[in-house]
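The lines below spell out each chain.
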Amino acid sequence: ERGGVLSTYVLALSKYREFMQANDFDFVSSLCELINIRPHVFAEALKRFPELRRLCISEVKHAIEDAIAPNKADAPNDSTAVTILVNSQEYMLPGNLLGAFIVIMSNWQKGETTEESEENNIMALLKQLVTGEKDSVLSTAMRNGKRAVSVGEWVLLATANSDIIAKQAALSVPDIFLPRLLLCCGMSKTSLVTMIERLSKLGESVSDPSKLYNELLSTSAVSEWGLQKGNRITIKKRLHGRIASYLRIFSNAMTDGEQDELNTIERCAFVTWLASEVSTATVKKSDSTTRCFDEIMNSLNSSTSTSLDEESFIDLEDEEIDLSIGERIVIDTCASEGHTRRSADSILTEEFIKSTLTAGEYDLLDKSLEQIKNDAFLRKKEVDTSALVTALMNSYASSNCDHSLARVVLKFVPQLSQFSCDDTLWQAIFISMAEKSADEQYLLSLVSGCVTHWSEQGLTACKKWILTQNDLKNALSMRLVIRFLVASSEQESIDCFHSCDKSMENAEFAMKIVLQYLELEMTSDKLLLPTCNEERNNLPDWLILTFIIAKSHQQCIVAMIMGTIDSNSSCAPTMYYVLLRLYLTFPTTLQWNDSKVRNYLIEAAKCHAKTSLRLRCPLDSQIVEMLHNLGTSPHTRLLQYATDCSKNHSLIVIRHIPVLHERLMSDGLGQEHTTTGRVGTRPPAALAQIGDRVVKVSILRWGFSYNESIWSSVLDFMAALPAELLFTYGIDTGVLLVLEDYLKLFYVHVMELGSEECISQLRPKYVTLVKSFRACNSVEFQNWSHSNIAELFLSKVGTFDS
């Protein structure tokens, strides 16, 4: 390390030592405080760093043992201290120590890096504070007359990574928190079974189980749960739905021989009581549309493989009781395949959708679709949602693009279509909807949403279907197809035709769609080229798709672009722009040496000269550095390299001609202190009086002194550039400024200094370059010579430097 860093480190250690000595520093106390301040960060660190985990477990264990030692002298002076009962004797435990214990226990899990001593410490802590039903240390811990362990901390322990810890937490949690823990996600089967068995035993121990269970779900009990408030019926439905979900998940993941335990749980006292309470709860619905909704719910519920009543099945994506990632994986991988395929459209018909629209019951439609989505989510291979999705799309098209219905379509069509994606759906999205002139922005958003939700197999199948559609004649249809191809390629982070067989034919087909779309749009007088603010970002989809295809099929795409230009198509001017952008994007692979390609690029540069200056190229920084060095300290190897670049990448080099103009103007000032390689002279010094002082002033006149090698190298470099490009495209990039720099230099030495010998090496090269200018572009040469030379002879450039 550097000396300054090392010095600071040593001084900090010294200050820290003084602080510890002066304040009786307690490492364990600071460690526990840190764990409580950043529990999530610490939980992640405990998983990644075994040594840190062992240290924390060991320190917390020793601190708890010291706190409950029989001969403990003084209780900690801490307002957050916790009173615990160990063997009927009270002890005071620091609040941060208890919080650190809960974080460590809830995140510990036996693994390959677990040492025997670490596991022994965990088991000892578990036995000291958690083990024991009803009268465990944690369940009796108090702080200021209230429970010291909150319901959230019990949730952490009940969903601990270790099954042993989770089961012991389920055994020791206070009775009032048992229903709340059943609502949390990520529980193991052991923890779930343990809690349900405890609740059933509670009911069996009293004469009126229903009264006991209702008290556990009373308003006062629920207020301690930390969830959104709801009436007792709602809480019961949530509990019943959660238990049903868990049983379905565990049932799918178990073999037939392991089903007996779950069947016992279904028949236990608490689950039976909960099912009866839910089934007897009735909600009055009067209008016919709502009664139809009931039929949908009943049809969905009757189709489940679980014996539990699922009328109370709730949205598994609810914010308060969301399924964990692990549960979703279990659902995805363990879905049963032994049931018959069921069509969701037989439940939710297009007539029902229309009736909800007529009545304005959008919330009812949303709830119906939500239920179907949940059912399809749990039973992916049993539910056919294709006709339902098509019915939604048709209803939207026939509703004159109702914005309220559009929000429903955008929400559910991408999610429902992932379970059954076929050509009927693709026809509705890409062709039928577009022909009915639906809202363009909604359809583009719909396509993007579908790409996000569909599987890789669904995306591939849709691409293959698109490549069979040869009759796309609607501009909106083509734009939707282009958006899909672009979005799906970004989703996969690979070439969008990677998974197709005949990639060259598919690339040609996609490019034909782009060309047809451009021809249709050109007839509607729309501006197809990106605006000034969109030339680098927010590119149109058709241009992005062209770049994606060209990345792997460049020759094919370039040939199609040139063929479109040759055919004098209406989109030919746009093709010049596309060709120029392709060259600037792929400068090292596009065949500049091909005379036909080069001629088209030169023409494209002439047509879009000013636009090209605002675009970026991967070689820009390299060429700017080369030109800067050429105008600073030229030598033979650098000039040869610059000449080679001017031949291979002329179009890109000419874009940066202004760099040479800046260097020539800077060199002409003669501010360099060295005289090596410089030609000319400096004006004699003059005396100037400032107040009472006489100051010697060095006068600098532009052009009196210059570096001949720099100015000569620039002329050689420009002569190596193609004249037909330099004096056409270069007119807009700054070539005339460079030519005028030389005229200014000649004027100074011929007209003011009378020394033509100083420019004798430059004049022949400059004359050759100007003759090339006149021969290549006589019109521009005449305009330049008549408007600039006269102005040049009237100007005098000079600065003073003291």
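Along each chain, the written sequence defines residue order, and numbers are assigned to residues from 1. Residues qualify for local features only when their pLDDT is at least 70, as the model is predicted, and side-chain atom pairs are given and counted only at 80 or more; totals for whole chains, interfaces and linings, by contrast, use all residues. The basis for every side-chain value is the complete set of non-hydrogen atoms in the structure, without hydrogens or water.

## Comments concerning the overall build of the protein chain
Part 1: The helix count covers DSSP runs of H or I at least four residues long, the strand count covers runs of E at least two residues long, and both are numbered beginning at the N terminus. Check the secondary structure of the protein chain and you find 42 helices and 11 strands.
Part 2: Throughout this description, buried means an accessible area under 20% of the type-specific maximum (1.4 Å probe, protein chains only), exposed means over 50%, and partly exposed covers the range between. Burial statistics for the protein chain: of 802 residues in total, 49% are counted as buried.
Part 3: If you take every contact in the protein chain between residues at least 6 apart in sequence, the share linking residues at least 24 apart comes to 75%. Contacts were defined at the residue level, with two residues in contact if any of their heavy atoms lie within 4.5 Å.

## Points about helix 28 (residues 541-552)
Part 1: Taking 1.5 Å per residue, 12 residues should reach 16 Å; helix 28 reaches 18 Å between its end C-alpha atoms and fits that length.
Part 2: Of all 12 residues in helix 28, 9 are buried, a share of seventy percent or more.
Part 3: For helix 28, the full list of buried residues reads Asp541, Trp542, Leu543, Leu545, Thr546, Phe547, Ile548, Ile549 and Ala550. Here, expected helix span is obtained from the residue count minus one, scaled by 1.5 Å.

## Let's talk about the packing of aromatic side chains
Part 1: When two rings of Phe, Tyr or Trp (its six-membered ring) have centres within 6.5 Å they constitute a pair, described as stacked for plane angles under 30 degrees, edge-to-face for angles over 60, and tilted for the intermediate range. This structure, assessed with the given rule, holds 18 aromatic pairs.
Part 2: Look at Trp711 and Tyr742: their rings are 4.9 Å apart centre to centre, the planes differ by 85°, and that puts the pair in the edge-to-face class. A residue pair is termed long-range when its members are at least 10 positions apart, and Trp711 in helix 37 (residues 708-720) and Tyr742 in helix 40 (residues 735-752) qualify at 31 residues.
Part 3: Where Phe773 meets Phe781, the ring centres are 5.4 Å apart and the plane angle is 90°; that geometry is what we call edge-to-face.

## Quick word on helix 24 (residues 440-453)
Part 1: Taking 1.5 Å per residue as the helical rise, helix 24 with its 14 residues ought to reach 20 Å, and the 20 Å between its terminal C-alpha atoms agrees with that figure.
Part 2: The set of residues buried in helix 24 consists of Tyr442, Leu443, Leu444, Leu446, Val447, Gly449, Cys450 and Val451.

## Some remarks on the nonpolar core
Part 1: Definition of nonpolar core: a set of buried residues of the types Ala, Val, Leu, Ile, Met, Phe, Trp, Tyr and Cys, connected through side-chain atoms within 4.5 Å. Phe430, Phe484 and Phe717 are the most contacted members of the largest nonpolar core, which totals 143 residues.
Part 2: Setting aside residues no more than four positions away along its own chain, Phe717 makes contact with Met626, Leu627, Leu630, Leu639, Ala642, Thr643, Ser646, Val653 and Leu660.
Part 3: Val149, Met187, Met195 and Cys268 belong to the second largest nonpolar core, which has 81 residues in total.

## Topic: the environment of Ile759
Part 1: In this structure, Ile759 sits in the loop between helix 40 and helix 41 (763-776).
Part 2: C-alpha of Ile759 to C-alpha of His749: the two residues are 10 residues apart in sequence and 7.4 Å apart in space.
Part 3: Apart from residues lying up to four places away in sequence, Ile759 is in contact with Tyr706, Phe746, His749 and Val750.

## Focus on the side chain of Thr194
Part 1: Relative to the helices and strands, Thr194 resides in helix 11 (residues 189-204).
Part 2: Among the residues examined, Thr194 registers a relative accessible area of 7% and is labelled buried.
Part 3: Contacts of Thr194, omitting those with residues within four sequence positions, involve Lys167, Ala170 and Leu171.

## Some words on a nonpolar patch on the surface
Part 1: Note on patches: the residues involved have over 30% relative accessible area and no salt bridge, like charges join within 9 Å, and the nonpolar side chains Val, Leu, Ile, Met, Phe, Trp and Tyr join within 5 Å. A 1.4 Å probe and the Shrake-Rupley method give the accessible areas. Residues count as covered only by the protein chains that appear here. In what follows, salt bridge is the name for a side-chain nitrogen of Lys or Arg lying within 4 Å of a carboxyl oxygen of Asp or Glu. Together, Leu6, Tyr9, Val10 and Leu13 make up an exposed nonpolar region whose accessible area comes to about 410 Å².
Part 2: Summarising the element assignment, Tyr9 is placed in helix 1 (residues 3-23).
Part 3: Accessibility expressed as a relative area gives 51% for Tyr9, which makes it exposed.

## Some details on the pairing of strand 9 (residues 693-701)
Part 1: DSSP calls a pair of strands paired once it identifies at least 2 bridges connecting them. Pairing of strand 8 (residues 686-690) with strand 9 involves 5 bridges; the strand directions are antiparallel. Bridge pairing in strand 9 links Gln689 to Val694.
Part 2: Counting the residues that bridge the hairpin from strand 8 to strand 9 gives 2 residues, and of these Gly691 lies at a positive phi of roughly 70°.

## A closer look at the pairing of strand 2 (residues 89-93)
Part 1: By the bridge criterion, 5 bridges tie strand 1 (residues 82-86) to strand 2 in an arrangement that is antiparallel. Across the sheet, residue Leu85 finds its bridge partner in strand 2, namely Glu90.
Part 2: Counted along the chain from strand 1 to the antiparallel partner strand 2, the turn is 2 residues long, and its residue Asn87 has a positive phi close to 55°.

## Here's the deal with the environment of Gln640
Part 1: Tracing the backbone through its elements, the reader meets Gln640 in helix 34 (residues 636-648).
Part 2: Taking C-alpha positions, Gln640 is 10.0 Å from Asp716, a pair spaced 76 residues apart along the chain.

## Re the packing of helix 29 (residues 554-566) against helix 31 (residues 595-607)
Working note: a packed helix pair is described by the angle between its axes plus the distance between those axes.
Part 1: Angles here are taken between N-to-C directions and fall from 0 to 180 degrees, while the axes themselves are lines fitted to C-alpha atoms, restricted in helices to the stretch in contact. With their axes 11 Å apart at the nearest point, helix 29 and helix 31 run at an angle of 60° to one another. The two elements helix 29 and helix 31 cross, and the hand of that crossing is left-handed. On the side of helix 29, the interface is formed by Val558, Met562, Ile565 and Asp566, while helix 31 contributes Lys596, Val597 and Tyr600.
Part 2: In terms of residue class, the contact of helix 29 with helix 31 is made up of 5 nonpolar, no polar and 2 charged. Note on convention: near helix rotated counterclockwise from far helix by under a right angle means a left-handed crossing. Clockwise means right-handed. Residues are sorted three ways: Asp, Glu, Lys and Arg are charged, Ala, Val, Leu, Ile, Met, Phe, Trp, Tyr, Cys and Pro are nonpolar, and all the rest, Gly among them, are polar.

## A word on the pattern of salt bridges
When their charged atoms lie close together, side chains carrying opposite charge are able to pair.
Part 1: Counted under the stated rule, the structure contains 11 salt bridges.
Part 2: Taking the shortest distance from any N to any O, the salt bridge between Glu115 and Arg54 comes out at 3.6 Å. Of the two residues, Glu115 sits in the loop between helix 5 (95-107) and helix 6 (116-130) while Arg54 sits in helix 4 (residues 50-67), which places them 61 residues apart along the sequence.
Part 3: The shortest N-O distance in the salt bridge between Lys61 and Glu65 comes to 2.5 Å. Here Lys61 pairs with Glu65, and both are found in helix 4, just 4 residues apart, close to one helical turn.
Part 4: The exposure class of Lys61 is buried, given its relative accessible area of 11%.
Part 5: On the basis of relative accessibility, which here comes to 27%, the residue Glu65 falls in the partly exposed class.
Part 6: A single network of salt bridges, built from pairs that share partners, joins Arg53, Arg54, Glu115 and Glu118.

## Let's talk about the environment of Leu753
Part 1: Within the secondary structure layout, Leu753 lies in the loop between helix 40 and helix 41.
Part 2: C-alpha of Leu753 to C-alpha of Thr681: the two residues are 72 residues apart in sequence and 9.2 Å apart in space.
Part 3: Ignoring sequence-local partners within four residues, the contact set of Leu753 consists of Phe704 and Val748.

## Let's talk about the confidence of the model for the protein chain
Part 1: The predictor rates its confidence in each residue with pLDDT, a number between 0 and 100. For the protein chain, the mean per-residue pLDDT works out to 75, and 78% of the residues sit at or above 70.
Part 2: Mean pLDDT per element in the protein chain: helix 18 (residues 325-333) is the minimum at 33, and helix 41 is the maximum at 89.
Part 3: Predicted confidence for residues 302-347 stays below pLDDT 50, and this span has 110 contacts to residues more than four positions away or in other chains.
Part 4: For residues 793-802, every residue scores under 50 in pLDDT, and the model assigns this stretch 19 contacts once sequence neighbours within four places are set aside.

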